[in-house]
Amino acid sequence: MPGARLPRSDRTRDWERIHAEGGFAWRDVHPAVLALGESLLQAGSRTVVDVGCGIGRHAVALAQMGLRVWGCDIAAIAVRQAQSWLRQRSLGGGACAADMTRLPFRPESFDGAVAFNVLYHGTSAQLGWAVAEIHRVLRTGGRALITFLSDEHPSCGTGTPIEPGTYVLDRGADAGIPHHFCSQAEIEGLMGGFELQELRHVERPQADVNHWVAVGVRLPGSGLLPPAKQESIGRM
């Protein structure tokens, strides 16, 4: 029923299981990530964080372009694969195990950030914290590429509802994981600490793709959520 409590679940354990079963072992690089890399290089930027890097497809691609990349993922098994891939290619940077709502980096550490098909795996509160964390670790003027799951996706409204817009899906490789579906207005609110350069809706039904691609430039300031919302947020 709407507003039901989030089922007790160890997110780390769930994602370790998914990766151990071979889920999300993507190796294809998305053109939007390459475009971000090119824009960073043209601006003289050098450092990038890949939030939810998985086995490292985008971290490796960006490192091959000459950027210094640090990836992080909640699943240690995926991090080990990303580290191995970077070493095999003799690339700089690295990867570490971390939750997207608690990035283990100092404020303003990076020139760019990527979070591709990652942040919507959680509640609306966790999504808000993750965006705020990306803002925190980016330097002022840094660029972020973030994708959000669209509320027009066919899966929106299916599975077990736990709050408005968030459902625990019962199908697919990430079944059992909360998914938060966003409207354009919600994304614009979440990205309030950024100057939006692009907000594009992408729909490819044959590939089960229905999401928003946002590219924003970090604005000065804390980028934190409004105090009233912070009080209601549980990061983990």
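Residues numbered from 1 in each chain as written. Predicted model: local features only at pLDDT ≥ 70, side-chain atom pairs only at ≥ 80, totals over all residues. Heavy atoms only, no water.

Trainee: Which residues make up the overall build of the protein chain, and what values do they have?
Mentor: Secondary structure assignment for the protein chain yields seven helices and ten strands. The proportion of buried residues among the 236 residues of the protein chain is 50%. In the protein chain, of all internal contacts separated by at least 6 residues, the share reaching a separation of at least 24 is 71%. (Helix = DSSP H or I, 4+ residues; strand = E, 2+ residues; numbered from the N terminus. Buried < 20%, exposed > 50% of the residue type's maximum accessible area, 1.4 Å probe, protein only. Contact = heavy atoms within 4.5 Å.)

Trainee: Tell me about the confidence of the model for the protein chain, and name the residues and values.
Mentor: Within the protein chain, residue pLDDT values average 87, and 85% of them lie at 70 or more. Confidence drops under pLDDT 50 across residues 1-9; counting only partners more than four residues distant or on other chains, this segment forms 13 contacts. Under a pLDDT of 50 for its full length, residues 226-236 has, in the predicted model, 19 contacts with residues more than four places off or in other chains. (pLDDT = per-residue confidence, 0-100.)

Trainee: Would you mind going over the pairing of strand S10 (residues 209-218) in detail, with residue names and values included?
Mentor: In terms of burial, S10 is largely enclosed, as ten of its ten residues are buried. Side chains Val209, His211, Val213, Val215 and Val217 project from S10 onto one buried face, and the interleaved Asn210, Trp212, Ala214, Gly216 and Arg218 project onto a second face that is buried too. Both strand S5 (residues 138-150) and S10 contribute to a ladder of seven bridges, which runs antiparallel. By the bridge assignment for S10, arginine 143 is matched with valine 217. With ten bridges joining them, strand S9 (residues 194-204) and S10 adopt antiparallel strand pairing. Bridging from a neighbouring strand, leucine 199 pairs with alanine 214 of S10. (Pairing = 2+ DSSP bridges.)

Trainee: Hey, could you go over the environment of glutamine 126 for me, with residue numbers and the actual values?
Mentor: With respect to the helices, strands and loops of the structure, glutamine 126 is situated in helix H5 (residues 124-137). Between the C-alpha atom of glutamine 126 and that of methionine 100, which follows or precedes it by 26 residues, the distance is 8.3 Å. In this structure the side chain of glutamine 126 is engaged in a polar contact, spanning 2.9 Å, whose partner is the backbone nitrogen of threonine 123. (Polar contact = N/O pair within 3.5 Å; in protein donor to acceptor, adjacent residues only side chain to side chain.)

Trainee: Go over the environment of arginine 171 with me, naming the residues and quoting the values.
Mentor: Residue placement: arginine 171 occurs in the loop between strand S7 (166-168) and strand S8 (178-182). Among the residues examined, arginine 171 registers a relative accessible area of 70% and is labelled exposed. Residues arginine 171 and serine 155, 16 residues apart in the sequence, show an inter-C-alpha distance of 9.3 Å.

Trainee: Describe the pattern of salt bridges, with residues and values.
Mentor: For the structure shown, the criterion picks out three salt bridges. A salt bridge links aspartate 111 to arginine 139, with the shortest nitrogen-to-oxygen separation between them at 2.8 Å. Residue aspartate 111 is located in strand S4 (residues 110-115), and its partner arginine 139 is located in strand S5; the two are separated by 28 residues in the primary sequence. Using a relative accessible area of 16% as the deciding quantity, one classes aspartate 111 as buried. In this structure, glutamate 133 engages arginine 136 in a salt bridge whose closest nitrogen and oxygen atoms are separated by 2.7 Å. Of this pair, glutamate 133 and arginine 136 both sit in helix H5, separated by three residues, roughly a single helical turn. Its relative accessible area of 6% is what places glutamate 133 among the buried residues. (Salt bridge = Lys/Arg side-chain N within 4 Å of Asp/Glu carboxyl O.)

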